[in-house]
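Below are the chains, spelled out letter by letter.
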Amino acid sequence: MKKILLTAVAVGITGFLYSCGVKTADMSPEKKAKIEEIGETASKKLLKTLKGELIEALKRGPLHAIDVCSKKAIDLTKQVEQELNRGIKIKRTSFKYRNPKNAPDEYEKDALAYFEKAIKEKKPLPKFYIQKVKENGKTYYRYYKPLKVMPVCLTCHGKLQNMDPKLQTKLLKLYPQDKAVNYEEGDFRGVIRVSIPEDALK
Ligand code: HEC
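Below is a summary of the structure that appears in this document. (Residues numbered from 1 in each chain as written. Predicted model: local features only at pLDDT ≥ 70, side-chain atom pairs only at ≥ 80, totals over all residues. Heavy atoms only, no water.)

1. Re the coordination of the iron atom of the ligand
Put simply, the rule is: Keep in mind that water is not among the atoms, so a site may look incomplete; donors are the N, O and S atoms within 2.8 Å of the metal, or 3.2 Å for Na, K and Ca. What counts as a helix is a DSSP run of H or I of at least four residues, what counts as a strand is a run of E of at least two, and both are numbered from the N terminus.
Donation to the iron atom of the ligand from the protein comes from one atom only, His157 (NE2), at 2.2 Å. By the secondary structure assignment, His157 is in helix H5 (residues 154-157).

Here is the structure:
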């Protein structure tokens, strides 16, 4: 009886996931390789752009650098999207987000959980995760690249007791519900999500 019930639950969950479009099994190796290639290029481009600006800004102090992250991150992301063209959209998201605008949607939560599961099971962090998603009748592939906390990130995402008090005050003012603190080096921080329209794969 128990077994039948479990099977029913498993089938139910699988059905639910399929109806949401979280399905990677129906992808040809060629398609997967193409998604990987576009996803890697896009996420690396965003990382390079953000990191470059961040390092420049940090030279003028962390208070100045916060402005880069809070005011420019979105513009820089749009700029990268324009350069990539083909309707590709990029977002940074996390369970522990700083800006509520970066909060994960249901698909993104599924991707974040996938990486967290691997970490919990002490498996190596997977390099990426792919989803097939239908939005407004159009098919998109989502490529997720995991982000880890590096020493440079700790200035603004590290332990509160080690944080510059002025920086803390500024962060609290900008983000009263900030969840993105108390990280340690090497922690899983979140993902870069690259959304690729099916047409862009041709
Ligand atoms: C100078 C301070 C500062 C540094 C250094 C910094 N961040 Fe952030 N980070 C921010 C701010 C401010 C935001 C909110 C941006 C916004 O409003 O969209 C943010 C947002 C993010 C987000 C988007 C999700 C969220 O929490 O809203 C990610 C992911 C992220 N940071 C990762 C990193 C990583 C990885 C590093 C190190 C390579 C890093 N950050 C270094 C200040 C910083």
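Still more ground to cover, so stick around.
2. Points about the environment of Lys138
Condition: Between buried and exposed lies partly exposed: a residue is buried under 20% and exposed over 50% of the maximum accessible area for its type, with that area taken using a 1.4 Å probe on protein chains only. Here, two residues are considered to be in contact whenever any of their heavy atoms come within 4.5 Å of each other.
By the secondary structure assignment, Lys138 is in strand E3 (residues 138-148). Accessibility expressed as a relative area gives 41% for Lys138, which makes it partly exposed. On a C-alpha basis, the gap between Lys138 and Asp199 in space is 9.6 Å, while along the polypeptide they are 61 residues apart. Once residues lying within four places of it in the same chain are set aside, the contact partners of Lys138 are Val133 and Asp199.

3. Some details on unusual backbone geometry
We note that Asn85 has phi near 65 degrees; this positive angle belongs to a residue other than glycine. Here Asn85 is to be found in the loop between helix H3 (62-84) and strand E1 (89-93). Despite not being glycine, Asn136 has its phi angle at roughly 50 degrees, a positive value. Topologically, Asn136 is positioned in the loop between strand E2 (129-135) and E3.

4. A short note on the site of the ligand
The test is simple: Whether a residue is near a molecule or strand is decided by its heavy atoms; if any one of them lies within 4 Å of it, the residue is near. Counted as a polar contact is a pair of N or O atoms within 3.5 Å, where, for protein atoms, one must be capable of donating a hydrogen and the other of accepting one, and residues adjacent in sequence contribute only when both atoms are in side chains. By the convention adopted, Pro, Cys, Tyr, Trp, Phe, Met, Ile, Leu, Val and Ala count as nonpolar, Lys, Arg, Asp and Glu as charged, and the other residues, Gly among them, as polar.
Among the 22 residues in the neighbourhood of the ligand, the closest are listed as Cys153, Cys156, His157, Tyr175 and Arg189. Tyr175 has a polar side-chain atom sitting 2.7 Å from an oxygen atom of the ligand. Between the ligand and Arg189, the relevant distance is 2.7 Å, taken from an oxygen atom to a side-chain nitrogen or oxygen of the residue. Listing elements by their share of the shell around the ligand, those giving two or more residues are H3, E3 and H5. Top contributing element to the shell around the ligand by residue count: H3, with five residues. When grouped by side-chain class, the residues that make up the shell around the ligand number 13 nonpolar, four polar and five charged.

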